[in-house]
There are 2 protein chains.
Amino acid sequence: MIMFDNKDISKTSLSSLGEFGLIDHLMDNVELKNTSSKKGVGDDAAVLDFNGEQTLVSTDFLIEGVHFDLSYMPLKHLGYKAVMVNLSDIYAMNAKATQVTVSIAVSNRFPLEALEELYSGIHLACKIYDVDLVGGDTTSSTSGLIISVTAVGHAKEEEVTYRSGAKPNDLLVVSGDLGAAYMGFQILEREKEVFKVNPNNQPDLSPYTYLLERQMKPEARKDIKELLNVLEVKPTSMIDISDGLSSETLHLCKHSNVGVNLFEDKIPLDPSMITVCEEFNLDSTTIALSGGEDYELLFTVDQKDFEKIKGNPNFSIIGHMKPESEGKHLITRGNQQIELTARGWNALQDEE
Amino acid sequence: MIMFDNKDISKTSLSSLGEFGLIDHLMDNVELKNTSSKKGVGDDAAVLDFNGEQTLVSTDFLIEGVHFDLSYMPLKHLGYKAVMVNLSDIYAMNAKATQVTVSIAVSNRFPLEALEELYSGIHLACKIYDVDLVGGDTTSSTSGLIISVTAVGHAKEEEVTYRSGAKPNDLLVVSGDLGAAYMGFQILEREKEVFKVNPNNQPDLSPYTYLLERQMKPEARKDIKELLNVLEVKPTSMIDISDGLSSETLHLCKHSNVGVNLFEDKIPLDPSMITVCEEFNLDSTTIALSGGEDYELLFTVDQKDFEKIKGNPNFSIIGHMKPESEGKHLITRGNQQIELTARGWNALQDEE
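What you see is a predicted model, and the numbers here were worked out from it, not measured in a lab. All residue numbers here refer to positions counted from 1 along the written sequence of the relevant chain. Chain letters and ligand numbers both follow the written order, the letters beginning at A and the numbers at 1. Thresholds applied to this predicted model are a pLDDT of at least 70 for local features of residues and 80 or more for the giving and counting of side-chain atom pairs; totals over whole chains, interfaces and linings are not thresholded and use all residues. Water and hydrogen atoms play no part in the side-chain values, which are based on all heavy atoms of the structure.

Draft legend 1. Up close: the overall build of chain A. Secondary structure elements are defined from DSSP: runs of H or I of at least 4 residues count as helices, runs of E of at least 2 residues count as strands, and each element is numbered from the N terminus. Per the secondary structure count, chain A includes ten helices and 14 strands. The reference for a compact globule is 2.2 Å times residues^0.38; the radius of gyration itself is calculated from the C-alpha atoms. The C-alpha atoms of chain A give 21 Å as radius of gyration, which agrees with the globular expectation for 352 residues (20 Å, within 12%). A simple rule labels every residue: compare its accessible area, found with a 1.4 Å probe on the protein chains alone, to the largest value its type can have, and call it buried under 20%, exposed over 50%, or partly exposed in between. Taken across its 352 residues, chain A has 58% of its residues classed as buried. Throughout, a residue-residue contact means that at least one pair of heavy atoms, one from each residue, lies within 4.5 Å. Taking the contacts inside chain A whose residues are at least 6 apart along the sequence as the reference set, 83% of them involve residues at least 24 apart. In this description, accessible areas are obtained by the Shrake-Rupley approach with a 1.4 Å probe, and a residue is regarded as covered only by the protein chains that are shown. In the form shown here, chain A has an accessible surface area of approximately 14,200 Å², with 48% of it arising from carbon and sulfur atoms. Charged residues are defined here as Lys and Arg on the positive side and Asp and Glu on the negative side; His and the ends of the chain fall outside this count. The atom standing in for a charge is NZ when the residue is Lys, CZ when it is Arg, CG when it is Asp and CD when it is Glu. In chain A, which carries 31 positive and 55 negative side-chain charges, the distance between the mean positions of the two groups comes to 3 Å.

Quick look at the structure:
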């Protein structure tokens, strides 16, 4: 009002850009001026260089009603998961996570005991993952619970792995299995509806234990960096799977200027995930490609490392990179080649 | 549900603890295990030590309806202020701020052009303060606008200044003047009420320019570290004034285990702030002690540095530290000694 113009603001809907389009747009023309700023927006974490050691910084929001539903998410799990989501970004840079800060905004409807539950999950995650809780902020919110976590990590310069290093012929590798967290979410949503109709119903959720754990208590892949070290494999590019395999694969392609062949029959699926997909009449490949929240690591390695990765129970080789001009494809079980499209969860889509 | 007990949750109101009590309680028993974690919760920023260079990390929330009111806060100013609030925490460690990450959560009622305004303020702040915007997250919110900023800085080990270094007989010094931001807020609140009654009223706000700028476009004190370097003064303790002079002074006392004599007649006040306090029938000392949002730096120096600080227009010597056993006092203009109490803004007080 004093120093700035008051512009008449015209209206462009946020959903017309989507989450990634929005960040790209708002960060357009950002120039890094400090010599310590090595990598800004556009990877899983920012990379800062103080005296040669690389410091990684990543930050994420979790918002009630958008990212979690307290009607079935216990607060202790939520605290645990909030830390995992952020550590995963540091591990996706092939770095060691060392510290987190956690800020929360809460409305007065939360009693102290609820926050103690939340923090017990946060403290547990820090303990198990050897990470120190070094700061944060608590404040009031006009509605609901908001959690913001910043994770800090470090790595040697030659260890840091960006999204941009994949080369044609590199193998595409993923840790663990995919789609289970999404199916856990589907089960929780179904049980919530059942509960509304009949609050006395005592569901037997034991067949779904694995899927529910993947949704409610995900584990970030701290172990992958150590595993790859032992195998003497240096990944050429890496990203974590928060939005779904197809979306993350396309990120690697875009940042590395390469194409990809992704083989449907190589995508690792847990048997219980396949069973529940049948129960829900959903295609398990589609869920693995688009489900998200797996917090597994997706990375590329040079062909020469094939023997080291092949047969390791922690890894699945699911495809290979190609020259960019050859496109990005999913090779189906029926040997059809179809274009790979991002169907990941879009945080800014219009709500119905 | 699977791995954790489901406890019956009893209810203790958050407001019974207050903001600082709440953080202390939730962070109780936090142990720092990584050798790189030098200082966790309990100062303006966390201090991490990677290879000898100290990395500072600080994070803060700004929440619509709690920390700002968009009915009079232009989005560009808000973006600028969100960065300032966080840089101030880094400067309060006597460090150089180098990077920020900014995460926002917005409801779909915000058009793209509104976010462009917000980011124009963020980019401007980064440009003026030589700080790089290196990351962030955008997501949707169920209500309003939420901004989370993390600031990163660095300093040599011997430069980092904690809250805990003040000694008896050290001088208590503050930069700039106090209370103006709070009175700017009072004026904006008054104009909002006037506007509700008569939307066509065109108020003349020119007499309040300085106060409104202090509220709407605060500047963090990047210059203080450089000034003190030139004067060859190393502060013994330091904090920024976000909650009010009395509250911040008591923080220094608590962390340093000292007492204080703070002299009412030495507190720096801008003439326009005094005038507006009279207009509002408010005591200017009370406002300076409790108003908050000044983003000035409060620090202590050894007595031997008196000559270097005295007479410098950037600084006011407002008191001196004492042995803890001698208490914490405000010495009034009438030479009365009264106990200094925290009357700073409490983010978790019950709303009426």
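Draft legend 2. Looking closely at the packing of aromatic side chains. Residue and element names in this part refer to chain A. Only Phe, Tyr and Trp rings take part, Trp by its six-membered ring, and two of them pair if their centres are within 6.5 Å. Stacked means planes under 30 degrees apart, edge-to-face means over 60, and tilted covers everything else. Following the criterion strictly, the structure yields five aromatic pairs over all chains and no others. Where Y182 meets F185, the ring centres are 6.4 Å apart and the plane angle is 45 degrees; that geometry is what we call tilted. With Y182 and F185 both in helix 4 (residues 180-197), this residue pair falls three residues apart, about one helical turn. What makes Y182 partly exposed here is its relative accessible area of 27%.

Draft legend 3. Geometry of the UniProt feature "domain: PurM-like N-terminal" (unreviewed entry) in chain A. UniProt positions are given in the numbering used here, feature names are shortened, and annotations may be inferred rather than shown by experiment. As recorded in UniProt, the feature "domain: PurM-like N-terminal" (unreviewed entry) lies at residues 42-154 of chain A. Summarising residues 42-154 of chain A: 30% helix, 38% strand, and an end-to-end C-alpha distance of 18 Å.

Draft legend 4. Quick look at the relation of the copies chain A and chain B. We place the copies in one frame by least squares, fitting the C-alpha atoms of every residue whose pLDDT is at least 70 in both. Superposing chain A onto chain B takes a rotation of 180 degrees combined with a translation of 0.0 Å along the rotation axis, leaving an RMSD of 0.0 Å. In short, the pair behaves as if placed about a two-fold rotation axis. Interface residue correspondence from chain A to chain B reaches 100%, placing this contact among same-surface, isologous pairings.

Draft legend 5. Focus on the UniProt feature "binding site: Mg(2+) 1" (unreviewed entry) in chain A. In the UniProt entry, the feature "binding site: Mg(2+) 1" (unreviewed entry) is given for T59, D60 and D137 of chain A. Inspection of the secondary structure puts D60 of chain A in strand 3 (residues 53-63). Among residues more than four places away in sequence, those in contact with D60 of chain A are V85, N86, D89, I147, S148 and V149 of chain A together with D137 of chain B. Checked against the element boundaries, D137 of chain A lands in the loop between strand 5 (132-135) and strand 6 (138-140).

Draft legend 6. Representation of the interface of chain A and chain B in the model. If you look at the interface, chain A gives 98 residues, while chain B gives 99 residues. The working definition used for a salt bridge is a side-chain nitrogen of Lys or Arg within 4 Å of a carboxyl oxygen of Asp or Glu. There are zero salt bridges connecting chain A and chain B. Counting of polar contacts relies on pairs of N or O atoms within 3.5 Å, with two restrictions inside protein: one atom must be capable of donating a hydrogen and the other of accepting it, and residues adjacent in sequence are counted only when both atoms are side-chain atoms. The interface formed by chain A and chain B holds 30 residue pairs in polar contact (both at pLDDT 80 or more) in total. Considering each element in turn, the side of chain A that touches chain B owes the most residues, ten residues, to helix 3 (residues 112-128) of chain A. Looking at the side of chain A that touches chain B residue by residue, the class counts come to 42 nonpolar, 34 polar and 22 charged. All residues other than Ala, Val, Leu, Ile, Met, Phe, Trp, Tyr, Cys, Pro, Asp, Glu, Lys and Arg, Gly among them, are scored as polar; the first ten of these are nonpolar and the last four charged.

Draft legend 7. Layout of the domain arrangement of chain A. Residues and elements named next belong to chain A. Entries for chain A in the domain assignment read domain 1 (14-155) and domain 2 (171-339). Between the C-alpha centres of domain 1 and domain 2 the distance comes to 22 Å. Each side of the interface is counted separately: domain 1 has 25 residues, and domain 2 has 25 residues. By convention, the term buried area covers the 1.4 Å-probe accessible surface removed from two parts as they join, with the contributions of both added. For the domain 1 face of the interface with domain 2, the top three residues by lost area are Y72, K81 and N94, together amounting to 28%. Elements with a minimum of two residues in the side of domain 1 that touches domain 2: helix 1 (18-26) and helix 2 (75-91). Ranked by residues supplied to the side of domain 1 that touches domain 2, first place goes to helix 2 with nine residues. Class assignment of the residues belonging to the side of domain 1 that touches domain 2 gives a composition of twelve nonpolar, five polar and eight charged. For the purposes of this description, domain bounds are those given by an automatic or database domain assignment.

Draft legend 8. Focus on the sheet that holds strand 8 (residues 171-175) of chain A. All names here are of chain A. Pairing between two strands requires that DSSP report at least two bridges joining them. Pairing is mixed in the open sheet, where seven strands are placed in the order 9-11-8-12-10-13-14. For this open sheet the edge positions go to strand 9 (237-240) and strand 14 (337-339), each flanked by a neighbour on one side alone. This sheet shows a mean twist of 25 degrees between the axes of neighbouring strands, independent of strand direction. Note: strand 8 against strand 11 (residues 297-301), four bridges, orientation antiparallel. When the sheet's bridge partners are listed, V174 is paired in strand 11 with L298. Helix 6 (residues 223-231) rests against strand 8, strand 9, strand 11 and strand 12 (315-323) of the sheet, and its axis sits at about 80 degrees to strand 12. A fitted line through C-alpha atoms represents every axis, and for helices the fit uses only the stretch in contact; the resulting angles, taken between N-to-C directions, go from 0 to 180 degrees. Along the sheet face, helix 7 (residues 245-256) touches strand 8, strand 9, strand 10 (258-263), strand 11, strand 12 and strand 13 (328-331) and points at about 155 degrees away from the line of strand 10.

Draft legend 9. The arrangement of the pairing of strand 12 (residues 315-323) of chain B in detail. Residue and element names in this part refer to chain B. Relative to strand 12, strand 8 (residues 171-175) is paired through five bridges, and the arrangement is antiparallel. Of the residues in strand 12, the one forming a bridge with L172 is G319. Where strand 10 (residues 258-263) and strand 12 come together, five bridges link them in antiparallel fashion. Across the sheet, the residue bridging to V260 is M321, located in strand 12.

Draft legend 10. View of the pattern of salt bridges. Residues and elements named next belong to chain A. Taken as a whole and assessed by the stated rule, the structure comprises 40 salt bridges over all chains. For E264, the salt bridge identified is with R333, shortest N-O distance 2.9 Å. Highlighted residues: E264 in the loop between strand 10 and helix 8 (271-279) and R333 in the loop between strand 13 and strand 14, separated in sequence by 69 residues.

Draft legend 11. Here's a closer look at the packing of helix 4 (residues 180-197) of chain B against helix 8 (residues 271-279) of chain B. All names here are of chain B. Between helix 4 and helix 8, whose axes approach to 10 Å, the crossing angle comes to 45 degrees. Judged on the interaxial angle alone, helix 8 and helix 4 are oblique. Crossing hand, helix 4 versus helix 8: left-handed. On helix 8, the residues touching A180, M183, I187 and R190 of helix 4 are M273, V276, C277 and E279. Considering only residue class, the contact of helix 4 with helix 8 consists of six nonpolar, no polar and two charged. Each angle gets one of four labels, with under 35 degrees taken as roughly parallel, over 145 as roughly antiparallel, 65 to 115 as roughly perpendicular, and the rest as oblique. The hand of a helix crossing depends on one turn: near helix anticlockwise from the far one by less than a right angle means left-handed, and clockwise means right-handed.

Draft legend 12. Broad picture of the environment of T285 of chain A. All names here are of chain A. Looking at the secondary structure, you find T285 in helix 9 (residues 284-290). Along the chain, T285 and T12 lie 273 residues apart, while their C-alpha atoms are 35 Å from each other. Those residues in contact with T285 that sit more than four places away from it in its chain are E264, I267 and R333.

Draft legend 13. Highlighting the sheet that holds strand 14 (residues 337-339) of chain B. Residue and element names in this part refer to chain B. Taken in spatial order, the seven strands make up an open sheet running 9-11-8-12-10-13-14, and their pairing is mixed. Looking at which strands have only one partner, the edges of the open sheet turn out to be strand 9 (237-240) and strand 14. This sheet shows a mean twist of 25 degrees between the axes of neighbouring strands, independent of strand direction. Relative to strand 13 (residues 328-331), strand 10 runs parallel, the two being bridged by four bridges. Within strand 13, the position partnered with L262 by the bridge is L330. Its contacts with the sheet place helix 6 (residues 223-231) against strand 8, strand 9, strand 11 (297-301) and strand 12, and it is angled at close to 75 degrees to strand 12.

Draft legend 14. Local environment of unusual backbone geometry. Residue and element names in this part refer to chain B. Notably, E232 is not glycine yet its phi reads approximately 55 degrees, a positive angle. Within the secondary structure, E232 is located in the loop between helix 6 and strand 9. Its identity is not glycine, yet N335 carries a phi of approximately 65 degrees, on the positive side. By secondary structure assignment, the location of N335 is in the loop between strand 13 and strand 14.

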